[in-house]
There are 2 protein chains.
Amino acid sequence: MKISTKGRYAVRLLLDIAMNDEVEPVRLKDTAERQDISMKYLEQIISILVRAGYVKSIRGPQGGYRLTKEPKDYTIGMILRQVEGSLAPVSCLDDDVNTCERQEECVSLRIWRELNDAINGVVDKYTLQDLIEWQQEANLDYCI
Amino acid sequence: MKISTKGRYAVRLLLDIAMNDEVEPVRLKDTAERQDISMKYLEQIISILVRAGYVKSIRGPQGGYRLTKEPKDYTIGMILRQVEGSLAPVSCLDDDVNTCERQEECVSLRIWRELNDAINGVVDKYTLQDLIEWQQEANLDYCI
DNA sequence: ATAATTCATATTGACATACTAGGAAAAGAG
DNA sequence: CTCTTTTCCTAGTATGTCAATATGAATTAT
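Residues numbered from 1 in each chain as written. Chains lettered and ligands numbered in written order. Predicted model: local features only at pLDDT ≥ 70, side-chain atom pairs only at ≥ 80, totals over all residues. Heavy atoms only, no water.

Overview of the overall build of chain A
Next, step 1: Counting secondary structure elements, chain A contains six helices and two strands.
Next, step 2: What you see in chain A, going N to C, is helices and strands ordered as α-α-α-β-β-α-α-α.
Next, step 3: Taking the principal axes of its C-alpha atoms as reference, chain A extends roughly 60 × 40 × 25 Å.
Next, step 4: At a minimum sequence separation of 6, the contacts of chain A that also span at least 24 residues come to 63%.
Next, step 5: Carbon and sulfur atoms make up 46% of the accessible area of chain A, which amounts to about 7,800 Å² in all. (Helix = DSSP H or I, 4+ residues; strand = E, 2+ residues; numbered from the N terminus. Contact = heavy atoms within 4.5 Å. Areas by Shrake-Rupley, 256 points an atom, 1.4 Å probe, with all protein chains shown as cover.)

Points about the protein's contact with DNA strand D
Next, step 1: Around DNA strand D there are 23 residues in total, and A:Lys40, A:Gln44, B:Arg27, B:Ser57 and B:Tyr65 lie nearest to it.
Next, step 2: The sugar-phosphate backbone supplies 60% of the atoms of DNA strand D found within 4 Å of the protein.
Next, step 3: A distance of 2.7 Å separates a phosphate oxygen of DNA strand D from a polar side-chain atom of B:Tyr65.
Next, step 4: Of all the elements in the fold, those that place two or more residues in the surface near DNA strand D are α1 (5-20) and α3 (39-51) of chain A together with α3 (39-51), β1 (55-58) and β2 (64-67) of chain B.
Next, step 5: When residues in the surface near DNA strand D are grouped by element, the largest group, four residues, is from α3(B).
Next, step 6: Residues belonging to the surface near DNA strand D are distributed by class as follows: eight nonpolar, nine polar and six charged. (Near = heavy atom within 4 Å. Polar contact = N/O pair within 3.5 Å; in protein donor to acceptor, adjacent residues only side chain to side chain. Nonpolar A, V, L, I, M, F, W, Y, C, P; charged D, E, K, R; others polar.)

Some remarks on the protein's contact with DNA strand C
Next, step 1: Residues in close proximity to DNA strand C total 23 residues, the closest being A:Arg27, A:Ser57, A:Tyr65, B:Lys40 and B:Gln44.
Next, step 2: In this structure, a phosphate oxygen belonging to DNA strand C sits 2.5 Å away from a side-chain N or O atom of A:Arg27.
Next, step 3: Breaking the surface near DNA strand C down by element, the ones donating at least two residues are α3, β1 (55-58) and β2 (64-67) of chain A together with α1 (5-20) and α3 of chain B.
Next, step 4: In terms of residue count, the dominant contributor to the surface near DNA strand C is α3(A) (four residues).
Next, step 5: Classifying every residue of the surface near DNA strand C gives eight nonpolar, nine polar and six charged.

Quick look at helix α5 (residues 108-123) of chain B
Next, step 1: The end-to-end C-alpha distance of α5(B) is 23 Å, a good match for the 22 Å that 16 residues give at a rise of 1.5 Å each.
Next, step 2: For α5(B), the full list of buried residues reads B:Ser108, B:Leu109, B:Ile111, B:Trp112, B:Leu115, B:Asn116, B:Ala118, B:Ile119, B:Asn120, B:Val122 and B:Val123. (Expected span 1.5 Å × (residues − 1). Buried < 20%, exposed > 50% of the residue type's maximum accessible area, 1.4 Å probe, protein only.)

Quick word on the interface of chain A and chain B
Next, step 1: Listed per partner, the contact involves 38 residues of chain A and 38 residues of chain B.
Next, step 2: Where chain A touches chain B, the interface holds four salt bridges.
Next, step 3: B:Glu114 serves as the salt-bridge partner of A:Lys125, at 2.4 Å between the closest nitrogen and oxygen.
Next, step 4: Joining chain A to chain B, the criterion identifies 11 residue pairs in polar contact (both at pLDDT 80 or more). (Salt bridge = Lys/Arg side-chain N within 4 Å of Asp/Glu carboxyl O.)

Here you go:
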């Protein structure tokens, strides 16, 4: 029941881009340093996000990445689902893969469904904007 | 973010024992047939539950397994955590393994914490007794 | 032309998952 | 005491996933 590093890194990656895109787009190399994550790994993760239309890339020198939307428009759930695939706790709940023959008689399914809703409820309640604000608060605290 | 077969089977196993322990203890062979799960795999799972004191075993002919408590005293969360280990969505939240140096400055942690609470909230809300009742209702529906 | 960047694909090692296999130990029935 | 039925214990195995690394091509500002 763990969220993979890929999912967590994706959140940190987008947060880093959101918070560091001032004049120039954000280079992966810098994010890698700031976040202490291998750049090569970040490349793989961001390619998913580019394909999903969550960030746009600018190639060549002075290139980098930019968000395509406002931070408030990225829920954490969107990000996680994009890079992790479904967050459903059992595959019976994945729309496309409901191969379980016991669906009808399965009483556990009721709990898994509720669990699924609870999970999505939390991760879809917060957005990158929330993380940005928390981070800014934390930085303030740190300075004082 | 998936619950493993081991966890799900453990729930079905205990439910099967709860619902079939009439006169004699429940033999794994029968559970395996009823639930369509390999008996060898069930052996491994039940050994965890025996060690945890959730079931007691009776060896030899006419042997089998019995619950040690009332069905209402097993939450689904207890069962899952016992066979799966922690259900925490990030290992930072596992008490013993909080090796993450970013703990202090990590704003995502707030979300993971809330997610953890949501997950445990659901799985600890329901017990084997609930499953038994739902199963009995389902069986009634089926007959009518 | 050069250098800095993204893009694409392949490979790797470690670990976990989901089993299967073989046999030992206990205990009731005869 | 033996046979059979059950649990108990340990090891093995095939497959897949995770978490990266590695290599190099494509693009583009300077």
